[in-house]
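Now for the letters of each chain:
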Amino acid sequence: MEKYEQKKITDFIILHREDFQNKLLSEAVEVAAKINDILQSGNIDLLKNAEKLVTYVVERKETELTSFAQQEGVAWAKHSLTLTLKLEWVHAIRRTLWHYLFEYDQQNTFGLSISDYRETFFQMEKRINDGIDKFLNSFFISYSAYKDELINAQRKMVEHLSVPIIPINPHIAVLPLIGVIDVYRVHTIEEKVLTDISNLKIRTLIMDLSAITDMDIDVIHHFQRVLSGVSLMGCEAVITGLRAELVRKMIHLDVSFDEHAATKGTLQQTLAEYFKDGLHS
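Now for a quick tour of the structure.

Reading the values: rules and limits
Residues numbered from 1 in each chain as written. Predicted model: local features only at pLDDT ≥ 70, side-chain atom pairs only at ≥ 80, totals over all residues. Heavy atoms only, no water. Helix = DSSP H or I, 4+ residues; strand = E, 2+ residues; numbered from the N terminus. Buried < 20%, exposed > 50% of the residue type's maximum accessible area, 1.4 Å probe, protein only. Contact = heavy atoms within 4.5 Å. Areas by Shrake-Rupley, 256 points an atom, 1.4 Å probe, with all protein chains shown as cover. Lys, Arg positive; Asp, Glu negative; His and termini not counted. Charge placed at Lys NZ, Arg CZ, Asp CG, Glu CD. Pairing = 2+ DSSP bridges. Axes fitted to C-alpha atoms, helices over the stretch in contact; angles between N-to-C directions. Salt bridge = Lys/Arg side-chain N within 4 Å of Asp/Glu carboxyl O. Right-handed = clockwise from strand over helix to strand, strands pointing away. Phe/Tyr/Trp six-rings, centres within 6.5 Å; stacked < 30°, edge-to-face > 60°.

The next point concerns the overall build of the protein. Within the protein, the secondary structure is distributed over 11 helices and 5 strands. Each principal axis of the C-alpha distribution contributes one length, and for the protein these read about 105 × 40 × 30 Å. Counting over 281 residues, the protein shows a buried share of 38%. In the protein, once contacts between residues fewer than 6 apart in sequence are set aside, the share between residues at least 24 apart is 79%. Only carbon and sulfur atoms are counted for the fraction: they give 54% of the accessible area of the protein, which is about 15,900 Å². Across the protein, 31 positive and 40 negative side-chain charges occur, with their mean positions spaced 2 Å apart.

Below, the structure written as C-alpha cells:
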C-alpha cells in the first residue's frame with residue numbers, strides 16, 4: 001500500500017463521509033445512543049475523532065496516532081466515560097473501516113494478479129489492525145495513568161484531612177488520630193505535623209491515640225522518628241489515649257515513645273491539666 005494509495009483511501013472515505021458515519025453509528029448502537037451526551041459532557045466529537053483516527057491509521061502517521069490516543073485517554077478519564085463504550089466505538093471503527101476498504105478495493109484492484117492482490121491485502125490488513133491496536137494500547141496507558149494520578153491526589157487530600165491539627169490556644173494544638181495508621185499514612189502525619197508546627201508556631205502538640213488499636217512494627221518505628229522530629233523543632237510532644245492492646249505490643253517489641261514524648265492518660269484529663277496550668281501561670 002504505497003503512500004499515494006493511502007491518501008486515495010482516506011480521500012475515498014472522506015468523499016463518502018456521511019455514509020461512513022451512518023455505517024459507523026449502526027455498528028455501535030450503544031455509543032450512538034449517547035453520542036450527543038458525550039459531546040455535551042466532555043466536548044468530545046466522536047465522529048470527527050473517528051475520521052481523524054482512520055486517517056492516522058491508513059496513512060501510517062504513527063507519531064500523530066500515539067499523541068491522539070494519549071489525548072483521548074486523558075479526555076475519557078477526565079470526564080469518567082466508560083471503557084466499554086470506548087471499546088465498542090473503536091471496534092465499530094475497525095469494522096466500518098474494513099467495509100470501506102472493501103468498497104475501495106472493489107473499485108481499484110482491476111488488473112492485479114491474484115498473488116499481487118493477496119500480498120497487497122495481507123500487508124494492508126496487518127498495517128490497519130496494528131495501527132488500531134497501537135491506538136488502543138496508547139489510549140489505555142494514558143487513561144490508566146491519568147486515573148492513577150487522580151486517585152493518588154484524592155487519597156493525599158483525604159489523608160491530609162484525616163490529620164486534623166486543632167489549635168486550642170496560640171501555642172497548644174491537638175492531633176486526634178483515628179483509624180488505621182499504615183506506612184503511607186504515617187508519612188502524611190510526618191509531613192503535616194512538621195509543617196504545622198512551623199507554620200502555627202506550636203510549642204506543645206497533644207497527639208491522641210485513643211482511636212488507634214494497632215500499629216505495625218514499621219509504623220511504630222516511623223512514629224518514633226516523627227516524635228523525634230517534633231522534639232527537634234522545639235515542640236513538646238504529648239501522647240494520650242494509648243490503648244492496652246497497643247501498649248502490650250510495644251512491651252513485647254521492647255519499644256516505647258518515652259524518649260521523645262510525654263505520655264498521659266486521656267485527652268480530656270490532659271487538656272484540663274494544661275488549661276489549669278495556664279490559668280495559674
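A few words now on the sheet that holds strand β5 (residues 262-263). Pairing is mixed across the open sheet formed by 5 strands, whose spatial order is β1-β2-β3-β4-β5. If you trace the sheet from one side to the other, it starts and ends with β1 (166-167) and β5, each paired once. One ladder, built from 2 bridges, connects strand β4 (residues 236-240) with β5; its direction is parallel. Considered in β5, the bridge of I239 is made with T263. Sheet strands touched by helix α8 (residues 183-200): β1, β2 (172-178) and β3 (204-211). Its angle to β2, the strand with the most contacts, is close to 170 degrees. Sheet contacts for helix α9 (residues 217-232): β2, β3 and β4; angle to β4, the most-contacted strand, approximately 140 degrees.

Further remarks concern the pairing of β2. Most of β2 is tucked away, with 5 of its 7 residues classed as buried. Where β1 lies against β2, 2 bridges are found, and the strand directions are antiparallel. Counted as the bridge partner of P167 is A173 from β2. Once β1 ends, the chain turns through 4 residues before running back antiparallel as β2. Here β2 pairs with β3 via 6 bridges, running parallel. Bridge pairing links L175 to M207 in β3.

Turning to the pattern of salt bridges, a few remarks are in order. This structure, assessed with the given rule, holds 11 salt bridges. The partner of E27 in a salt bridge is R95, and the shortest N-O contact between them spans 2.7 Å. Of the two residues, E27 sits in helix α2 (residues 17-27) while R95 sits in helix α6 (residues 83-108), which places them 68 residues apart along the sequence. A residue is classified by how much of its surface remains accessible, and E27, at 23% relative accessible area, is partly exposed. In this structure R95 comes out as partly exposed when scored by relative accessible area, which is 40%.

On to the pairing of β3. The element β3 is extensively covered by neighbouring structure, given that 6 of its 8 residues are classed as buried. Considered for its hand, the β-α-β crossover made up of β2, α8 and β3 is right-handed. The pairing of β3 with β4 spans 5 bridges and is classified as parallel. Considered in β4, the bridge of D208 is made with T240. This β-α-β element, β3 to α9 to β4, shows right-handed connectivity.

This part takes up the packing of aromatic side chains. This model, assessed by the stated rule, comprises 8 aromatic pairs. Plain terms: the ring middles of F20 and Y100 are 5.4 Å apart, the flat faces sit at 55 degrees to each other, and that makes the pair tilted. Residue F20 is found in helix α2, and its partner Y100 is found in helix α6; the two are separated by 80 residues along the sequence. With 5.8 Å between their ring centres and 35 degrees between their planes, F68 and F135 make a pair best called tilted. One end of the pair, F68, is in helix α5 (residues 62-78); the other, F135, is in helix α7 (residues 114-161), with 67 residues separating them in the sequence. Of the residues examined, F68 reaches a relative accessible area of 5% and is grouped as buried.

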